[in-house]
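# Overview (structure and organization)
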Amino acid sequence: MSDTEIAEFGLGPQIHREHTSASQASRGGGLSHFADLVQSISNQDAEARYKAEEADNRLPTDDSPDPSQFQGAEGKTIISWEPNDKENPYNWPRWRKNLILVTTMTTVLNSTMGSSLPSMAIPYMMKEWGITSQTQSILPISTFLMGYVFGPIVWGPLSEHIGRRVLSTAAFAMLMVWTLACALAPNWPAMLVFRYLVGVCASAPIAVVTGQLADIYNDSVARGRAMSWFMVFTIFGPLMAPIISGFSSTSIGWRWTFWIGLIIAGATSILIAFLPETYAPVLLTRRARKIRKADPKAQVYSAFELEPHDMKQLVTRVLTRPIRMIMTELIVTATCLYLSLVYAIFYMSFQAFPIIFQDVYGLSPGVTGLCYLPIGIGAMLALPVFFTYDHILLNAQARGEAWSKKEEFRRVPLATLGGPLFVISLFWLGWSARSNVSFVVPMLAGIPFGAGFMLIFMALLNYITDAYEIFAASANAAASSCRSVFAVALPFATIPMFDRLGISGACSLLGGLSLCMCVIPFIFIWKGAAIRERSKFCIALKEQKREMERRHEEQQRRRARAAASGGVFDDKETI
């Protein structure tokens, strides 16, 4: 790929790399040319982002941020965090971080609850509007999940471009508006449009919260534990919804399903109103603007302000980041495939449970909704497993055991336990759901289902968050969009599949597919290091991070020597 072509994509200052003879030889093909383009953008994306990260954290080349690496920065001073700066999100007090964690958990609870909110109300909605097609009965949930497909592709990278707070509050406000529209929907087509718009807005927390947690937790252990609580709430939302719609639809009317959802969202909005901005580049930009406002002559800027922010750069680098990760990163691709199947099976349960518990056992919609509770219990049981493994890992690291230093052993082993549990639950559900067996027996299959689901998600989402720290929101946006595609498509096959194969056959098919996919975490443990060594994106991120940390250590040593000798450490390019 020529320099001219790179420049045409608005990639800003470049760090040129030597191309291998193999890549040079393959330039004639259109596919290889496209691959070169994608890889070049990814490399430049990582390098440019870490340049800004270095400046933000006072970790510059030659002991000071070099303005020349930012376009139009000559004669300007680049602001950065002071050591132990109280405004740096990493240094915020624990109570503030906990409040942010609680707020993000409640936002994602609203988001995921909305996905299955009409599940038990759909028959009553269809009856009111004269809809008889079984295929259309899937649409209120599927159109919402279509919003989950397209929303994260924009929300995730956009939050890394404009910050978290404005995007989160605006998206949540619109979620409330469109939920209100669902409660007042005049007809079936309007309902489906409103459900799609709710899904687009509700997808923002799914894509952004992981980035917010990466913003405030520098330590991977603390970040992993926060992520585990976040993940539990992602599953509790969809489990609450069938209970709400099941009881309200049969008593006070199906529209109250959405009114109750709106009331819960209104209560959550109080917390969201106090959600602070956590994205360091935006916070430093505010500090720089404050200084310039106080002294108009001050040429003080953040590194983020000096990065190119034109539309071409936004489209080619920022908004394409999740797609590039799916296309070029084997870790992201494999993770997306596994999570997509597990997630789709979870949403297929909203069609399967009525078939099992209403048709076979004759339970009411409200009581059928209660049958989802064991899944929540299983999800909660996954937490002590997660924390216990965390404790074992930390002790092993303290003893210096070799296995504990490997990246894949930090989280992935949890998925090797969760995968088999998830498979067992599907066979348990399918082969115990018979009229001569108590409904409690298939209902209890929800415990290993919930535990397996949660362990798989906690392990693999933490894995890609750790691997792509600075682009955690984009990596998770890629995973979110992929799994939502499956969750939109596969539920359409639920009713025909259960009709043709029966309950035992359908659940066995899903269990067999899950069994095939559950080898992915084992492959990560076996060959994960080799995969990451061949991943140019991972290599670029790790190299830049190691170099930044090396400079930080050197800067700290120089600062200590200057203090010991009574001298002054000159940090001339920072404020």
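Residues numbered from 1 in each chain as written. Predicted model: local features only at pLDDT ≥ 70, side-chain atom pairs only at ≥ 80, totals over all residues. Heavy atoms only, no water.

## Looking at a nonpolar patch on the surface
Together, Ile424, Trp428, Val440, Val441 and Leu444 line one region of the surface with nonpolar side chains, adding up to about 370 Å² of accessible area. Put simply, the parts of the chain that give the nonpolar patch at least two residues each are α18 (413-432) and α19 (440-444). Looking at which element gives the most residues to the nonpolar patch, the answer is α19, with three residues. For Val441, the position within the fold is in helix α19. Looking at Val441, the relative accessible area reads 32%, which means it is partly exposed. (Patch = residues over 30% accessible without salt bridge, like charges linked within 9 Å, V, L, I, M, F, W, Y side chains within 5 Å. Areas by Shrake-Rupley, 256 points an atom, 1.4 Å probe, with all protein chains shown as cover. Salt bridge = Lys/Arg side-chain N within 4 Å of Asp/Glu carboxyl O. Helix = DSSP H or I, 4+ residues; strand = E, 2+ residues; numbered from the N terminus. Buried < 20%, exposed > 50% of the residue type's maximum accessible area, 1.4 Å probe, protein only.)

## With respect to the nonpolar core
Across soluble globular proteins, nonpolar side chains show a tendency to be buried alongside one another. Grouped together as the largest cluster of nonpolar side chains are 129 residues, with contacts concentrated most on Leu145, Phe346, Phe453, Met454 and Phe524. With 19 residues, the single largest contributor to this core is helix α15 (residues 330-360). Leaving out residues up to four positions away in the same chain, Leu145 has contacts with Ser115, Tyr343, Tyr347, Ser484, Ala487 and Val488. In this structure, Leu158, Ala171, Ala207 and Val208 belong to the second largest nonpolar core, which totals eight residues. (Core = buried A, V, L, I, M, F, W, Y, C linked by side-chain atoms within 4.5 Å. Contact = heavy atoms within 4.5 Å.)

## Notes on the pattern of salt bridges
Following the criterion strictly, the structure yields seven salt bridges and no others. For Asp390, the salt bridge identified is with Arg225, shortest N-O distance 2.9 Å. Of this pair, Asp390 sits in helix α17 (residues 373-398) while Arg225 is found in helix α9 (residues 220-249), placing the two residues 165 residues apart along the sequence. For Arg225, a relative accessible area of 33% gives the class partly exposed. Residues joined by salt bridges that share partners form a network here, namely Asp85, Glu87 and Arg287.

## Describing the environment of Trp155
As for its position among the elements, Trp155 is in helix α6 (residues 139-162). Its relative accessible area of 17% is what places Trp155 among the buried residues. For Trp155, the residues in contact, after removing those within four places along its chain, are Leu167, Val200, Ser203, Ala204, Ala207 and Val208.

## Considering the packing of aromatic side chains
By the definition in use, this model includes 23 aromatic pairs. Between Phe346 and Phe350, the ring centres sit 5.6 Å apart and the planes meet at 80°, which makes this aromatic pair edge-to-face. Here Phe346 and its partner Phe350 are both found in helix α15, four residues apart, which amounts to about one turn of the helix. Each member of the pair, Phe346 together with Phe350, is buried. (Phe/Tyr/Trp six-rings, centres within 6.5 Å; stacked < 30°, edge-to-face > 60°.)

## A closer look at the environment of Met497
Mapped onto the elements, Met497 comes out in helix α22 (residues 494-517). Among the residues examined, Met497 registers a relative accessible area of 13% and is labelled buried. Each C-alpha atom, one on Met497 and one on Cys507, is 9.5 Å from the other, the two residues being 10 residues apart in sequence.

## Focus on the confidence of the model for the protein chain
Predicted confidence across the protein chain gives a mean pLDDT of 80, with 79% of residues reaching 70 or more. Residue range residues 55-65 is modelled with pLDDT below 50. Its contacts to residues more than four positions away, or to other chains, number 43 contacts. For the stretch residues 570-575, pLDDT sits under 50, and the model shows 24 contacts to residues farther than four places along the chain or on other chains. (pLDDT = per-residue confidence, 0-100.)

## Focus on helix α5 (residues 122-129)
Of the residues making up α5, those classed as buried are Ile122, Met125, Met126 and Trp129. Around the axis of α5, the buried residues are gathered within 95° of arc, so they sit on the same side. Remark: Gly130 follows α5 within two positions and exhibits a positive phi of approximately 70°. (Arc of directions from axis to C-beta.)

## So, the side chain of Thr416
Mapped onto the fold, Thr416 is located in helix α18. The exposure class assigned to Thr416 is buried, which follows from its relative accessible area of 18%. Here Thr416 is in contact with Pro521, Phe522 and Ile525, once residues within four sequence places are set aside.

## Side note on the side chain of Arg411
Relative to the elements of secondary structure, Arg411 occurs in the loop between α17 and α18. Classification of Arg411 as buried rests on a relative accessible area of 2%. Of the polar contacts made by the side chain of Arg411, one reaches the side chain of Asp390; its length is 3.1 Å. Those residues in contact with Arg411, other than ones at most four positions away along the chain, are Ser220, Val221, Gly224, Phe386, Asp390, Ala459, Asn462, Tyr463 and Asp466. (Polar contact = N/O pair within 3.5 Å; in protein donor to acceptor, adjacent residues only side chain to side chain.)

## What about α17?
End to end, α17 covers 39 Å across 26 residues, agreeing with the expected 38 Å (1.5 Å per residue, within 8%). Looking at α17, one finds that the buried residues are Pro374, Ile375, Gly376, Gly378, Ala379, Ala382, Leu383, Phe386, Tyr389, Asp390, Leu393 and Ala396. Those residues of α17 hidden inside the fold are in contact with α9, α15, α16 (365-370), α18, α19 and α20 (446-467). Two residues or fewer past α17, Gly400 is found with a positive phi of approximately 75°. (Expected span 1.5 Å × (residues − 1).)

## Details of the packing of helix α14 (residues 321-328) against α15
Look at α14 against α15: their axes get within 5 Å of each other, and the N-to-C directions meet at 90°. Relative to α15, the element α14 lies roughly perpendicular. For the pair formed by α14 and α15, the contact residues are Met325, Ile326 and Thr328 on the first element and Leu330, Val332, Thr333 and Cys336 on the second. Of the residues in the contact of α14 with α15, the class split is five nonpolar, two polar and no charged. (Axes fitted to C-alpha atoms, helices over the stretch in contact; angles between N-to-C directions. Parallel < 35°, antiparallel > 145°, perpendicular 65-115°, else oblique. Nonpolar A, V, L, I, M, F, W, Y, C, P; charged D, E, K, R; others polar.)

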